[in-house]
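Structural overview for review
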Amino acid sequence: MRKLKSLLLAAAALGAMTAASYAQEVTLRLHQMLPPQATIPAKALTPWREKVMADSGGRIQIDQFDAMALGGTPPQLVDQVNDNVVDLIWTVIGYTPGRFPSTETFELPFFMTTGEATSKAFHEYCEKRCVDEFAGMKVIAWHAHGPGLIHSKNPVNKLEDMKGLKIRGGSRVINQMLEALGATPVGMPVPAVSEALSKGVIDATTIPWEVTPSLRVSELVKNHTGFSGSHGLYTQTFVFAMSQASYDKLPDDLKAVIDANSGIETAAMFGRVMDEGDAGGLKIAQDLGNNIITLDEAETQRWKDAAAPLIDAWIAEMSAKGLDAEAMVTEAQELITKHTPEM
């Protein structure tokens, strides 16, 4: 009887341990740079984390920290997740210049179409080309925003209006493009744009429509210049990623929840949300009576011609570093065409 009792107690203890293991609960911290009302935190990150928490049966809790609430600067987010300081980050890839060279292909001028199509293309491209550069991260989605355009204090009606214009750029490649177009680029993370415009540090900024409401850009400047055709001037690229160490600690069933909410469809959702945000940002500027400029096809072609040497220079630079840059550019263009409906 004593032996049977011991066996029963041991079995009960093992069962309790198994149940405890199965019911393991995890709290993850998500850190990002934008205010909570901005498009991505409000319309993409919040729905994503709510779905993950629901799919996990409440066993995953994700606390979202907006506007760099946990400290540091936007360019430090990559190190925060790599060093396991936080569990999840969303950030602009170009804020760490030179660190992810394979991603720069998608920042080249007049490549991108819509945010959703370009995000699908970018995620598919990165799964093939960029994984090694993101070692230490479990990437949930690589994505892009909608067509980039110019928001300026004075009208930009032609290429010559860019000469000497102090204009904010969000990455190394975008700044090189602005310089090729005759402007004086000023690099800074997007949260700094409002103050820089109001204090005259910059005359203009390159951002998509969707981020203008949270930065009050349409109140600070009255001119907005876009381009004819299906390709936007540029796009910025983003990564939504989890610390690989945080992911590896999860039990297999919770890893499966993260996996099910990762990949090209998640990237497409982020891009689609940004496209929808573009419509809202444009409407605000229109309601304010701002000057909405769309350059005609001939003028747009002048900008394309002026920016084209940057593509050749980028291919030469990346080829010198051992990357198959020409093939990367071709692949990016083909993937964008593939994912853009009726292009």
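Our subject is the structure listed above.
What counts, and at which threshold
Residues numbered from 1 in each chain as written. Predicted model: local features only at pLDDT ≥ 70, side-chain atom pairs only at ≥ 80, totals over all residues. Heavy atoms only, no water. Helix = DSSP H or I, 4+ residues; strand = E, 2+ residues; numbered from the N terminus. Buried < 20%, exposed > 50% of the residue type's maximum accessible area, 1.4 Å probe, protein only. Contact = heavy atoms within 4.5 Å. Areas by Shrake-Rupley, 256 points an atom, 1.4 Å probe, with all protein chains shown as cover. Lys, Arg positive; Asp, Glu negative; His and termini not counted. Charge placed at Lys NZ, Arg CZ, Asp CG, Glu CD. Polar contact = N/O pair within 3.5 Å; in protein donor to acceptor, adjacent residues only side chain to side chain. Axes fitted to C-alpha atoms, helices over the stretch in contact; angles between N-to-C directions. Parallel < 35°, antiparallel > 145°, perpendicular 65-115°, else oblique. Left-handed = near helix turned anticlockwise from the far one by under 90°. Nonpolar A, V, L, I, M, F, W, Y, C, P; charged D, E, K, R; others polar. Pairing = 2+ DSSP bridges. Expected span 1.5 Å × (residues − 1). Bend = angle between axes of the 7 residues up to and from the residue. Salt bridge = Lys/Arg side-chain N within 4 Å of Asp/Glu carboxyl O.

Scanning the chain for helices and strands turns up 13 helices and 11 strands. Its C-alpha atoms give the chain principal-axis dimensions of about 95 × 45 × 35 Å. The burial tally for the chain puts 53% of its 343 residues in the buried class. Across the chain, contacts joining residues at least 24 apart in sequence account for 77% of those joining residues at least 6 apart. Of the roughly 14600 Å² of accessible surface on the chain, 54% is carried by carbon and sulfur atoms. Separation of charge centres in the chain, based on 30 positive and 42 negative side chains, amounts to 7 Å.

What follows concerns the side chain of His 31. Examined against the element boundaries, His 31 turns out to sit in strand 1 (residues 26–32). A polar side-chain atom of His 31 sits 3.3 Å from the main-chain amide nitrogen of Ala 69.

Orientation of helix 4 (residues 115–129) relative to helix 11 (residues 264–287), taken along the N-to-C sense of each, is 150 degrees, at an axis distance of 7 Å. Relative to helix 11, the element helix 4 lies roughly antiparallel. Here the hand of the crossing between helix 4 and helix 11 comes out right-handed. Two secondary-structure elements touch here, helix 4 through Gly 115, Glu 116, Ser 119, Lys 120, His 123 and Glu 124 and helix 11 through Ile 264, Ala 267, Ala 268, Gly 271, Arg 272 and Asp 275. Class assignment of the residues belonging to the contact of helix 4 with helix 11 gives a composition of 3 nonpolar, 4 polar and 5 charged.

For Asp 87, the location among the structural elements is in the loop between helix 3 (77–82) and strand 3 (88–92). Put simply, Asp 87 and Ile 62 are 25 residues apart on the chain and 9.3 Å apart in space, counted from C-alpha to C-alpha. Excluding residues within four positions of it along the chain, Asp 87 makes contact with Thr 27, Leu 28, Arg 29, Val 81, Ala 241, Met 242, Ser 243 and Ser 246.

Right, let's get into the sheet that holds strand 3. Taken in spatial order, the 5 strands make up an open sheet running 2-1-3-10-4, and their pairing is mixed. Each edge of the sheet is formed by a strand with only one pairing partner; in this case those strands are strand 2 (60–65) and strand 4 (137–144). When strand polarity is set aside, the average angle formed by the axes of neighbouring strands in this sheet is 20 degrees. Sheet topology note: the strand 3/strand 10 (residues 237–243) ladder contains 5 bridges and is antiparallel.

On to helix 12 (residues 297–320). The end-to-end C-alpha distance of helix 12 is 35 Å, a good match for the 34 Å that 24 residues give at a rise of 1.5 Å each. Helix geometry: helix 12 is bent most strongly at Ala 307, by close to 30 degrees, with proline Pro 309 lying one to four residues after it. By the burial criterion, the buried members of helix 12 are Glu 299, Thr 300, Trp 303, Ala 307, Leu 310, Ile 311, Trp 314, Ile 315 and Met 318. Residues of helix 12 that are buried in the fold lie against strand 5 (149–152), helix 5 (172–180), strand 9 (223–227), strand 11 (291–295) and helix 13 (325–339). With a side-chain oxygen positioned 3.3 Å from the backbone nitrogen of Ala 298, the residue opening helix 12 is Asp 296. Phi turns positive one or two residues past the end of helix 12, at Gly 322, with a value near 95 degrees.

A word on the pattern of salt bridges. Side chains that carry opposite charge are capable of pairing whenever their charged atoms lie near each other. One pass over the structure, following the stated rule, counts 16 salt bridges. Here Lys 338 and Glu 124 are joined by a salt bridge, their closest N and O atoms 3.0 Å apart. Here Lys 338, found in helix 13, pairs with Glu 124, found in helix 4; they are 214 residues apart in sequence, far enough to count as distant. Assessed through its relative accessible area of 53%, Lys 338 is described here as exposed. Here Arg 302 ties to Glu 299 by a salt bridge, and the two come within 3.1 Å at their closest N and O atoms. Placement of the pair is Arg 302 and Glu 299 together in helix 12, with a separation of 3 residues, close to one helical turn. Classification of Arg 302 as partly exposed rests on a relative accessible area of 33%. Take Glu 299: its relative accessible area is 12%, and that puts it in the buried class.

With that settled, the discussion passes to the sheet that holds strand 8 (residues 204–207). The mixed open sheet is built from 6 strands, whose spatial order is 7-6-8-5-9-11. What marks the edges here is a single partner per strand, and that holds for strand 7 (184–187) and strand 11. Between one strand axis and the next, the sheet turns through 25 degrees on average, direction left out of account. Both strand 9 and strand 11 contribute to a ladder of 5 bridges, which runs parallel. Looking at strand 11, one finds that Gly 226 is bridged to Thr 294. Lying over the sheet, helix 12 contacts strand 5, strand 9 and strand 11, oriented at roughly 75 degrees with respect to strand 11.

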